[in-house]
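Chain by chain, the residues:
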Amino acid sequence: MHKKKSLEQHFLRSRSYLNAIPDAAEIKTGDTVLEIGPGEGTLTEVLLERGARVVAIEKDSRLISFLKEKFAGKNFELTEGDALDFDISNQLKKKEFKVVGNIPYYITGALLKKFLSGDVQPSTLVFLLQKEVAERITRSKKESILSLSVKAYGDPTYIKTVPCGAFAPSPKADSAILRVAHPSRTYFTRSTSPSANSQCEKRFFELVKKGFSSKRKILKSNLKPLLGEKAETLGIVRAEDVPLKRWLALSKVEGLELGA
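Residues numbered from 1 in each chain as written. Predicted model: local features only at pLDDT ≥ 70, side-chain atom pairs only at ≥ 80, totals over all residues. Heavy atoms only, no water.

**Some thoughts on the overall build of the protein**
A count of helical and extended segments in the protein gives 10 helices and 9 strands. Expressed as a percentage of its 260 residues, the buried residues of the protein come to 48%. The contacts in the protein between residues at least 6 apart in sequence include a share of 63% that link residues at least 24 apart. A total of about 12,900 Å² of accessible surface is found on the protein, and carbon and sulfur atoms cover 48% of it. (Helix = DSSP H or I, 4+ residues; strand = E, 2+ residues; numbered from the N terminus. Buried < 20%, exposed > 50% of the residue type's maximum accessible area, 1.4 Å probe, protein only. Contact = heavy atoms within 4.5 Å. Areas by Shrake-Rupley, 256 points an atom, 1.4 Å probe, with all protein chains shown as cover.)

**Points about unusual backbone geometry**
Between alanine 168 and the following residue, proline 169, the backbone shows a cis peptide bond with an omega angle of -10°. Relative to the helices and strands, proline 169 resides in the loop between strand S8 (167–168) and strand S9 (175–181). Phi at glutamate 26 is positive, roughly 55°, even though this residue is not glycine. Among the structural elements, glutamate 26 can be located in the loop between helix H1 (15–25) and strand S2 (32–36). A relative accessible area of 58% places glutamate 26 in the exposed class.

**Here we look at the packing of aromatic side chains**
Scanning all chains against the criterion turns up 4 aromatic pairs. When the centroid spacing of 4.9 Å and the interplanar angle of 85° are considered together, the rings of phenylalanine 204 and phenylalanine 205 count as edge-to-face. Of the residues examined, phenylalanine 205 reaches a relative accessible area of 28% and is grouped as partly exposed. Following the ring pairs from residue to residue traces out a cluster consisting of Tyr153, Phe204 and Phe205. (Phe/Tyr/Trp six-rings, centres within 6.5 Å; stacked < 30°, edge-to-face > 60°.)

**Looking at the pattern of salt bridges**
In total, this model carries 15 salt bridges according to the counting rule given. The salt bridge involving glutamate 232 is made with lysine 224; its shortest N-O contact spans 3.9 Å. (Salt bridge = Lys/Arg side-chain N within 4 Å of Asp/Glu carboxyl O.)

**Examining the environment of asparagine 102**
Relative to the elements of secondary structure, asparagine 102 occurs in strand S5 (residues 98–102). The contacts of asparagine 102, once residues within four sequence positions are left out, are His10, Phe11, Leu12, Ile36, Gly37, Leu128 and Phe167.

**Focus on the nonpolar core**
Counting residues in hydrophobic clusters, the biggest one holds 49 residues, and the most contacted among them are Leu34, Ile36, Phe115, Phe127, Phe204 and Trp247. The residues contacting phenylalanine 115, other than those within four sequence positions of it, are Leu34, Ile36, Ala83, Ile88, Val99, Val120, Gln121, Pro122, Leu125 and Phe127. Counting 29 residues, the second-largest nonpolar core is a separate cluster that includes Leu43, Ile64, Leu78 and Ile177. (Core = buried A, V, L, I, M, F, W, Y, C linked by side-chain atoms within 4.5 Å.)

**Things to note about the pairing of strand S3 (residues 53–58)**
Along any regular strand, the residues point their side chains to alternate faces of the sheet. With 6 of 6 residues buried, S3 is to be regarded as a mostly interior element. Judged by which residues are buried, S3 turns out to be covered on both faces: Arg53, Val55 and Ile57 on one side and Val54, Ala56 and Glu58 on the other are all buried. Note: S2 against S3, 5 bridges, orientation parallel. Paired with leucine 34 across the strands is valine 55, a residue of S3. Where the polypeptide runs from S2 across helix H2 (residues 42–49) and back to S3, its parallel neighbour, the crossover connection is right-handed. Bridging between S3 and strand S4 (residues 76–80) involves 5 bridges; their strand directions are parallel. When the sheet's bridge partners are listed, valine 55 is paired in S4 with glutamate 77. (Pairing = 2+ DSSP bridges. Right-handed = clockwise from strand over helix to strand, strands pointing away.)

**A word on the sheet that holds strand S6 (residues 124–130)**
The strand order across the open sheet built from 7 strands is S4-S3-S2-S5-S6-S9-S7, with neighbouring strands paired in mixed fashion. Of all the strands in the sheet, the pair left with one neighbour each is S4 and strand S7 (155–162). Sheet twist, expressed as the average angle between the axes of neighbouring strands with direction ignored, equals 20°. Bridge count between S7 and S9: 7 bridges; the pairing is antiparallel. By the bridge assignment, threonine 161 is partnered in S9 with alanine 176. (Axes fitted to C-alpha atoms, helices over the stretch in contact; angles between N-to-C directions.)

Written out as structure tokens, the structure reads:
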């Protein structure tokens with residue numbers, strides 16, 4: 001099967017790394033799994049072997065008939081289209097599900113946002129993505145808009161590095177398996193008072209965006225338009241040095257005006 005260059009396809013062939021993905025997602029019999037970009041179906045095959053129901057989204061039209069034939073008679077549903085346009089609420093409403101995928105690197109941020117912040121959220125998300133991005137989210141001593149955004153919705157864990165040689169064709173950079181699990185204390189889950197969370201959620205992201213708007217400035221300078229004199233309590237720190245809990249506390253400041 002030839003890859004389609006425009007989709008940045010790199011097919012994972014190593015059985016040990018293929019097994020590591022459902023292991024990280026703790027896939028068990030009866031689980032519903034939304035798979036992003038099944039490609040040749042190598043990961044799909046492992047998921048089905050684990051007893052999961054697989055709902056897959058594939059953008060490459062050339063792979064549709066191949067996948068349907070390969071998994072005919074299996075607990076497998078296939079939708080042709082872009083994962084970013086997939087209507088989760090319509091397809092998986094009122095059902096607990098997990099999301100897995102060997103995703104295109106260029107839409108990593110967009111996919112994380114869609115599945116973590118949507119009205120219908122997975123219990124666990126496991127993506128195979130660029131190693132550098134996984135490290136930025138989980139291992140960096142400095143925070144970023146991406147790392148804070150992910151941590152606000154779940155606990156991210158760096159599971160394992162996947163070397164270039166595990167793919168065909170090989171990508172230019174190593175990859176990594178990233179798991180984001182929703183703990184009971186997840187800050188913006190839709191299962192706990194969505195209306196009560198919405199205003200805090202809106203404030204949180206506006207503050208984070210504003211805080212990182214000028215990296216050279218200390219945080220209180222960036223946030224003064226939103227927080228006024230209360231920004232002085234932040235001291236001399238930069239946005240990248242402020243942990244998630246501090247951002248969450250700031251988002252609950254009474255009288256905070258949005259849109260400044």
